[in-house]
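Letter by letter, the chains look like this.
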Amino acid sequence: MIPYLFLMAIPAIFSFMPSNKNSFNQKILLFFVGIIYIMFTAFRHEVSLDWSSYIRMYALIKSNSSLEEALSITEPSFVILNWIMAKMDAGVYGVNFVIAIIFISGVFRFVAQMPRPWLALLSVTPYLVIVISMSAVRQAAAIGLVFHLLAVWNQGITKKILLAFIATSFHYSAFVSVVLVLLNIKLPSWLKWVVLLSGSVISLYIFTRTEQYIIYKGAYLGKGAIESFGALQHAALNAIPASIYLFFIKKWNALYGKNQLMFILSILSLLSMVGVFFSSTAVDRLALYLSPIQMLIYSTIPIVFKSEIYAYIIIIIHIAILLIWLLYSNSSYAFLPYNNILFI
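Let us look at the structure shown here. For clarity, every value in this text was computed on a predicted model and none was experimentally measured. Each chain has its residues counted from 1, running along the sequence as written. Selection of residues for local features in this predicted model requires a pLDDT of at least 70, selection of side-chain atom pairs for listing and counting requires 80 or more, and totals for whole chains, interfaces and linings are taken over all residues. Excluded from the side-chain calculations are hydrogens and water; all other atoms, namely the structure's heavy atoms, are used.

As a further point, take the overall build of the protein. Counting its regular elements, the protein contains 19 helices and 0 strands. Burial status across the protein gives 51% buried among its 344 residues. Secondary structure elements follow DSSP: runs of H or I no shorter than four residues count as helices, runs of E no shorter than two count as strands, and numbering proceeds from the N terminus. Only protein chains enter the accessibility calculation, which uses a 1.4 Å probe; a residue is then buried when its area is under 20% of its type maximum, exposed when over 50%, and partly exposed in between.

Here we take up unusual backbone geometry. Excluding glycine, residues mostly have negative phi values, and the peptide bonds linking residues are mostly trans. Cis peptide bonds are those with omega within 30 degrees of zero, and the linkage from Leu 336 to Pro 337 qualifies with -5 degrees. Residue placement: Pro 337 occurs in the segment after helix H19 (309-328). Unusually for a residue other than glycine, Asp 89 sits at a positive phi of about 55 degrees. Here Asp 89 lies in the loop between helix H5 (76-87) and helix H6 (91-111). If you check the backbone angles, Lys 306 has positive phi at about 55 degrees while not being a glycine.

Turning next to the environment of Ser 280. Tracing the backbone shows Ser 280 in helix H16 (residues 280-286). Considering only alpha carbons, one finds Ser 280 and Leu 232, 48 residues apart in sequence, at a separation of 7.7 Å.

Let us now look at a nonpolar patch on the surface. Candidates for patches are residues over 30% relative accessible area with no salt bridge; among them, like charges are joined within 9 Å and nonpolar side chains (Val, Leu, Ile, Met, Phe, Trp, Tyr) within 5 Å. Each accessible area is a Shrake-Rupley result for a 1.4 Å probe, and residues are judged covered by the shown protein chains and nothing else. Each salt bridge in this description consists of a side-chain nitrogen of Lys or Arg and a carboxyl oxygen of Asp or Glu lying within 4 Å of one another. Nonpolar side chains collect at one region of the surface, where Phe 24, Ile 28, Phe 31, Phe 32, Ile 35, Met 39, Ile 341, Leu 342, Phe 343 and Ile 344 lie side by side and expose about 1,100 Å² of accessible area between them. Note that Ile 341 resides in the segment after H19.

With that settled, the discussion passes to helix H9 (residues 157-170). Between its first and last C-alpha atoms H9 spans 20 Å; for 14 residues at 1.5 Å apiece the expected length is 20 Å, and the two agree. Among the residues of H9, Lys 160, Leu 163, Ala 164, Ala 167, Thr 168, Ser 169 and Phe 170 are the ones counted as buried. In a helix, the anticipated span is given by 1.5 Å times the number of residues less one.

Moving on, we get to the side chain of Ser 135. Within the secondary structure, Ser 135 sits in the loop between helix H7 (117-132) and helix H8 (137-151). Of the residues examined, Ser 135 reaches a relative accessible area of 11% and is grouped as buried. When sequence neighbours within four positions are dropped, the list of residues in contact with Ser 135 reads Ser 48, Leu 49, Asp 50, Tyr 54 and Phe 335. Here, two residues are considered to be in contact whenever any of their heavy atoms come within 4.5 Å of each other.

This brings us to the nonpolar core. Most often, soluble globular proteins keep nonpolar side chains buried together rather than apart. Side-chain atoms within 4.5 Å link the members of a nonpolar core, which is a set of buried Ala, Val, Leu, Ile, Met, Phe, Trp, Tyr and Cys residues. Ranked by size, the top nonpolar core spans 99 residues in total, and within it Tyr 4, Ile 99, Val 107, Phe 170 and Met 295 carry the most contacts. Excluding residues that lie within four positions of it along the chain, Met 295 makes contacts with Val 107, Phe 110, Val 111, Met 114, Ala 120, Ser 123, Val 124 and Phe 147.

So, about the packing of helix H3 (residues 51-63) against H6. It is at 10 Å that the axes of H3 and H6 come closest, and there the two elements cross at 110 degrees. Between H3 and H6, the crossing angle belongs to the class labelled roughly perpendicular. When H3 is examined against H6, the residues Trp 51, Tyr 54, Ile 55 and Tyr 58 are found in contact with a partner set consisting of Gly 91, Val 92, Tyr 93, Val 95 and Asn 96. In this classification, Asp, Glu, Lys and Arg are treated as charged, Ala, Val, Leu, Ile, Met, Phe, Trp, Tyr, Cys and Pro as nonpolar, and every other residue, Gly included, as polar. A per-class count over the contact of H3 with H6 returns 7 nonpolar, 2 polar and no charged. Between N-to-C directions, angles cover 0 to 180 degrees, with each direction set by a line fitted to C-alpha atoms, over the stretch in contact for helices. Working definition: roughly parallel below 35 degrees, roughly antiparallel above 145 degrees, roughly perpendicular at 65 to 115 degrees, and oblique for all remaining angles.

This is a description of form; function is not addressed.
Rendered as structure tokens:
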């Protein structure tokens, strides 16, 4: 438990420092903290519910005589990464290291753009960093790439589309990022929807002809779908800051101007609370891509409401979230004790 509290303490302590996201010292500090986060998540040993599953997947990909055969196992980019690591005999630790770089670099790139970077980092550390990035490895890579996408949200469409499709090649659920990008294209509304719908139909047609579709269908849809018991609580992590933003949207608009991305993420976060009752596991997975709303809102609350007391409240709440999960979650046992290959 102590290692997780240590990781959480880093952004909590730095949250009290004067914040200047453009200062050189802040950028250097974020860089070195990012290294700590990478080492913490990448070199874990026998940690998480999915540890054995990814060991078996690595072994299966390694045992295939050709890359073409291996590509039928799971999403293509993850297969290629495992294939390369297998050829280098880097093991699952090599795979996890590359995934950690993709994920943490994306998170920190987005964090660096926030008004209060350390509060933004604090808000996603308990669940997104500790639970998801160390368990849902393929989706962690996809989420990291989506953070890179959001960091260049105001730039050209080509870079965003490319990042969205690479993210999707690590985990097909990241196709929601393609939808977000298409919705933001400056086109006549009718043409935007034609592009969106036709692209979705073509992508769905291709996806339903892959072996991974059968796995996803069994896990997320129909009577045999896996039920995610913590889905409602996970969705609430996004819905609570989204509700605060939408309720006080005039305050945010007055200070930062209208923000289409924040508005879209907030609406989808609230809809996910309803979606949980229809397909808890599918919504639980998709809601992870809405996590940036936590960073966007929590990093601005003390500024919007002009009181540092809100920073203390945010810190206390998120430390409590971590402790509650560690002490009472039905999955935390797989994360305890925390082991790191560098110290064994």
